[in-house]
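Summary of the model geometry
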Amino acid sequence: VGKKVQAIYLWWHKPVIDKELLQSLPNLKVIANSGVGMDHLDLKLVASFGVKMANAPRAVSSTTANTGMALLLASARRLVEVHNISISPSMEYCEADILGVKVAGATLGIIGMGSIGYKVAVRAKAFEMNILYHNRTRRKVQEEHAVGATYCKKIDSLLQQADFVMLVVSLTPQTHELIGKRELELMKPTATLINISRGAVVDQEALVAALQTGVIRAAALDVTSPEPLPRDHPLLKLKNVIITPHLGIKTDKAAYMITEEAVENILAALNGLPLPSEVLPS
């Protein structure tokens, strides 16, 4: 049926798009992705076959931003730890050992202020947080004022000031292991790292060392590298870490909206119209 295929809808990186597959589909016009991140695709390779690509930014931004805030709050109030205490047979604990950290008045540093990062800022403002952000391009002044965000041209400045650092960047060669040993050591020892982007944005070995030695207070990760982690990975044994299995967009409504957005892009491509969410190779 290769000659009949004109569109592919990728769900959770399946099917794998490689040269062999592209060569077998001579009439392929578009690949629509179920999410924002396109790091699983060789964009230049796909474009070389004359195939257009689209993602689904509108459908996922709010849901992913909610995941980020949920991780921030869960880590700050140590919800996983206290849940385990609450269901334990003895329920023995010392109140001083389960103290969390205050969110209101704390400083959130957002690295990556695209559509998801900006929605994180909107939510953080509602929690009375001070907001710093670092991005390749600065947001409009009115957008900054709307959420009370301050632009940090240099990432180092943000890392040194933030109580919570949230990663909301796409995975590219430039952002691979963006947060490593040097960056972790710039953070406050009371700071928390939250990653809702891609696991490879963080040097995980450096993160393990930082968490074990008190370089930073805690981490909350919706993404790891690989996913899932090997069952003997040291990150799984640390109490000051929350790990979720890439929940970012996983709600019933988001899944429906993603499919709608993909269909919209596919129909546009098949009818020779501009794709609403076209992604071009950089």
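Residues numbered from 1 in each chain as written. Predicted model: local features only at pLDDT ≥ 70, side-chain atom pairs only at ≥ 80, totals over all residues. Heavy atoms only, no water.

Some remarks on the pattern of salt bridges
Operational definition: For salt bridges, the criterion is a side-chain nitrogen of Lys or Arg within 4 Å of an Asp or Glu carboxyl oxygen. Throughout this description, buried means an accessible area under 20% of the type-specific maximum (1.4 Å probe, protein chains only), exposed means over 50%, and partly exposed covers the range between.
Under the definition given, this model contains ten salt bridges. Note that Arg78 is salt-bridged to Glu81, the shortest N-O span being 3.0 Å. Judged by its relative accessible area of 26%, Glu81 is partly exposed.

So, the UniProt feature "domain: D-isomer specific 2-hydroxyacid dehydrogenase catalytic" (unreviewed entry) in the chain
Keep this limit in mind: UniProt positions are given in the numbering used here, feature names are shortened, and annotations may be inferred rather than shown by experiment. Helix and strand assignments follow DSSP, with helices taken as H or I runs no shorter than four residues and strands as E runs no shorter than two, numbered in order from the N terminus.
As annotated by UniProt and renumbered to match this structure, "domain: D-isomer specific 2-hydroxyacid dehydrogenase catalytic" (unreviewed entry) occupies residues 10-279. Along residues 10-279 the backbone is 37% helical and 13% strand, and the end-to-end C-alpha distance reaches 14 Å.

A word on the packing of helix H3 (residues 57-76) against helix H10 (residues 252-270)
Keep this limit in mind: Between the N-to-C directions of two axes lies an angle of 0 to 180 degrees, each axis being a line fitted to C-alpha atoms and, for a helix, fitted only over the stretch in contact. Just so you know how the angles are binned, under 35 degrees is roughly parallel, over 145 roughly antiparallel, 65 to 115 roughly perpendicular, and the rest oblique. By definition, any crossing whose near helix is turned counterclockwise from its far helix by less than a right angle is left-handed, and any crossing with a clockwise turn is right-handed. Contacts are assigned to residue pairs that have any heavy atoms within 4.5 Å of one another. Residues are grouped as follows: Ala, Val, Leu, Ile, Met, Phe, Trp, Tyr, Cys and Pro are nonpolar; Asp, Glu, Lys and Arg are charged; every other residue, Gly included, is polar.
Packing of H3 against H10 leaves a shortest axis separation of 8 Å and a crossing angle of 160°. One finds that H3 runs roughly antiparallel with respect to H10. Crossing of H3 against H10: the hand is left-handed. Note on element contacts: H10 touches H3 through Ala254, Met257, Ile258, Glu261 and Glu264, opposite Pro57, Arg58, Ala59, Val60 and Thr63. In terms of residue class, the contact of H3 with H10 is built from six nonpolar, one polar and three charged.

Side note on the UniProt feature "domain: D-isomer specific 2-hydroxyacid dehydrogenase NAD-binding" (unreviewed entry) in the chain
UniProt's feature table lists "domain: D-isomer specific 2-hydroxyacid dehydrogenase NAD-binding" (unreviewed entry) at residues 69-248, given in the numbering used throughout. Annotation note: span residues 69-248, helix share 32%, strand share 16%, distance between end C-alpha atoms 11 Å.

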